[in-house]
Amino acid sequence: MAEQITREDALTREGFRHACHIMLYGDCSAKLFGKIPIKHIVLMQMRFDGLLGFPGGLVNPSKETLEAGLSRELHEEVGVAVPVGVDNHVSSCLSPSCPRLITHFYIKKMTESELKELERAAVTTATDHGLEVLGMVRVPLYFLKNGGGLPYFLSHSFISNSRAQLLSALQRCRLLSQGDLEKAVRQAEQMRR
Ligand code: GTP
Ligand code: MN
Ligand code: MN
Ligand code: MN
Ligand code: MN
Ligand code: MN
């Protein structure tokens, strides 16, 4: 696990760049194949480099607050400047993959219709669509036969520590039981062998 620091401590450190990313999620009433409850919409994105990650990006705290910078990045990448506040902040840590980078992570719950509107805007109005962002993706939270669903999703490649951010956010927001989370991680591990 990457080294965690507080948001306040992060902002006092000199010579660091800052990146803010967010998990936008909400409840969902739909059923896959008419029978498997989707339960929740959790949004990630396929990045230009072929890795999965959360929407967001580099923020310059001398020019904008972390949260205003994150809203700006959301406007570029998802087409909607989703308002983000300090109350949406969940963690800040020294990036395990990039020296002198602090990554801040946020979580925000939205309604199903807001999330669907955002998915449309990500294709129609986001300036980064087809460039830095290849598309928004929903995280499957269910289990199908032979590792289908969350285990296969977790077996893909993720930018930096975004996979760990996803797992801790699913736990924090109780979108999955602890047992199901452990099962998904275990099954994903077996696929990577
Ligand atoms: P440019 O507009 O091209 O500068 O990109 P950006 O501002 O959108 O930056 P990006 O989203 O690529 O994030 C900057 C850096 O943060 C990346 O190089 C990664 O090291 C890291 N990063 C990107 N996505 C995530 C994420 O979802 N979680 C975490 N922890 N780090 C990420
Ligand atoms: Mn079909
Ligand atoms: Mn960006
Ligand atoms: Mn980005
Ligand atoms: Mn940027
Ligand atoms: Mn950019």
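The structure this text deals with has already been given above.
Residues numbered from 1 in each chain as written. Chains lettered and ligands numbered in written order. Predicted model: local features only at pLDDT ≥ 70, side-chain atom pairs only at ≥ 80, totals over all residues. Heavy atoms only, no water.

1. Concerning the overall build of the protein
Now for step 1: Counting its secondary structure elements, the protein contains six helices and ten strands.
Now for step 2: In terms of overall size, the protein behaves like a compact globule, its C-alpha atoms giving a radius of gyration of 16 Å where 193 residues would be expected to give roughly 16 Å.
Now for step 3: C-alpha atoms of the protein, sized along the principal axes, occupy 50 × 35 × 30 Å.
Now for step 4: The buried share among the 193 residues of the protein stands at 49%.
Now for step 5: Contacts spanning at least 24 positions in sequence make up 67% of the contacts within the protein whose residues lie at least 6 apart.
Now for step 6: Of the accessible surface of the protein, which amounts to about 9,900 Å², a share of 53% is contributed by carbon and sulfur atoms.
Now for step 7: Averaged over its 23 positive side-chain charges, the protein has a centre that lies 9 Å from the centre of its 21 negative ones. (Helix = DSSP H or I, 4+ residues; strand = E, 2+ residues; numbered from the N terminus. Rg over C-alpha atoms; globule rule 2.2 N^0.38 Å. Buried < 20%, exposed > 50% of the residue type's maximum accessible area, 1.4 Å probe, protein only. Contact = heavy atoms within 4.5 Å. Areas by Shrake-Rupley, 256 points an atom, 1.4 Å probe, with all protein chains shown as cover. Lys, Arg positive; Asp, Glu negative; His and termini not counted. Charge placed at Lys NZ, Arg CZ, Asp CG, Glu CD.)

2. Structural notes on the coordination of the manganese ion (ligand 3)
Now for step 1: Each protein donor to the manganese ion (ligand 3) is listed here as Glu73 (OE) and Glu77 (OE); together their distances run 2.1 to 2.2 Å.
Now for step 2: Distance-wise, the manganese ion (ligand 4) is placed 3.3 Å from the manganese ion (ligand 3), both being coordinated by glutamate 77. Linking glutamate 73 with glutamate 77, this pair stays in helix H2 (residues 66-78), spanning four residues, or about one helical turn. Each member of the pair, glutamate 73 as well as glutamate 77, is classed as buried. (Donors = N, O, S within 2.8 Å, 3.2 Å for Na, K, Ca; no water.)

3. Points about the coordination of the manganese ion (ligand 6)
Now for step 1: Distances from the manganese ion (ligand 6) to its protein donors, Glu132 (OE) and Glu132 (OE), fall within 2.6 to 2.7 Å.
Now for step 2: Distance-wise, the manganese ion (ligand 3) is placed 3.8 Å from the manganese ion (ligand 6).
Now for step 3: Topologically, glutamate 132 is positioned in the loop between helix H3 (112-124) and strand E10 (133-138).

4. What to know about the site of ligand 1
Now for step 1: As a matter of local geometry, ligand 1 sits amid 18 residues, with Phe54, Leu58, Glu77, Asn161 and Gln165 nearest to it.
Now for step 2: Between glycine 56 and ligand 1, the recorded distance is 3.0 Å, taken from a backbone N or O atom to an oxygen atom.
Now for step 3: Asparagine 161 is positioned with one of its side-chain polar atoms (N or O) 2.5 Å from a nitrogen atom of ligand 1.
Now for step 4: For ligand 1, whose free accessible area comes to 640 Å², the fraction covered by protein is 79%.
Now for step 5: Contributing elements (two or more residues each) for the shell around ligand 1: strand E2 (17-27), strand E7 (56-59), H2, strand E9 (101-109) and helix H5 (162-172).
Now for step 6: A per-element tally of the shell around ligand 1 places E7 first, with three residues.
Now for step 7: When its residues are assigned to classes, the shell around ligand 1 shows five nonpolar, nine polar and four charged. (Near = heavy atom within 4 Å. Polar contact = N/O pair within 3.5 Å; in protein donor to acceptor, adjacent residues only side chain to side chain. Nonpolar A, V, L, I, M, F, W, Y, C, P; charged D, E, K, R; others polar.)

5. Some remarks on the packing of aromatic side chains
Now for step 1: Under the defined criterion, the tally for this structure stands at two aromatic pairs.
Now for step 2: Each ring, one from phenylalanine 54 and one from phenylalanine 105, has its centre 5.0 Å from the other, and the planes form 55°; the classification is tilted. Remark: phenylalanine 105 occurs in strand E9 and phenylalanine 54 occurs in the loop between strand E6 (52-53) and E7; sequence separation between them is 51 residues. Accessibility classification places phenylalanine 54 together with phenylalanine 105 in one group, the buried group.
Now for step 3: When the centroid spacing of 5.7 Å and the interplanar angle of 70° are considered together, the rings of phenylalanine 153 and phenylalanine 158 count as edge-to-face.
Now for step 4: Taking relative accessible area as the criterion, phenylalanine 158 reaches 12% and is therefore assigned buried.
Now for step 5: Its end group placed over the ring of phenylalanine 16, arginine 100 keeps NZ or CZ at 4.7 Å from the ring centre.
Now for step 6: For the cation-ring pair, lysine 183 lies above phenylalanine 143, with the distance from its terminal atom to the ring centre recorded as 4.1 Å. (Phe/Tyr/Trp six-rings, centres within 6.5 Å; stacked < 30°, edge-to-face > 60°. Lys NZ or Arg CZ within 6 Å of the ring centre and 35° of its normal.)

6. Concerning the nonpolar core
Now for step 1: If you look at the biggest cluster of nonpolar residues, it comprises 24 residues, and the most contacted ones within it are Met23, Val42, Val139, Leu166 and Leu175.
Now for step 2: For this core, the secondary-structure elements that each account for two or more residues are E2, strand E5 (40-47), E9, helix H4 (150-154), H5 and helix H6 (178-191).
Now for step 3: The residues contacting valine 139, other than those within four sequence positions of it, are Val42, Met44, Leu150, Phe153 and Leu166.
Now for step 4: Membership of the second largest hydrophobic core comes to 22 residues, among which are Cys20, Leu70, Val78 and Leu118. (Core = buried A, V, L, I, M, F, W, Y, C linked by side-chain atoms within 4.5 Å.)

7. Concerning H6
Now for step 1: The terminal C-alpha atoms of H6, which comprises 14 residues, lie 20 Å apart, in line with the 20 Å expected from a rise of 1.5 Å per residue.
Now for step 2: Restricting attention to buried positions, one finds in H6 the residues Leu181, Ala184 and Ala188. Buried residues in H6, looked at end-on, bunch into an arc of 65°, giving them a common side.
Now for step 3: Looking at the buried residues of H6, the elements they touch are H4 and H5. (Expected span 1.5 Å × (residues − 1). Arc of directions from axis to C-beta.)

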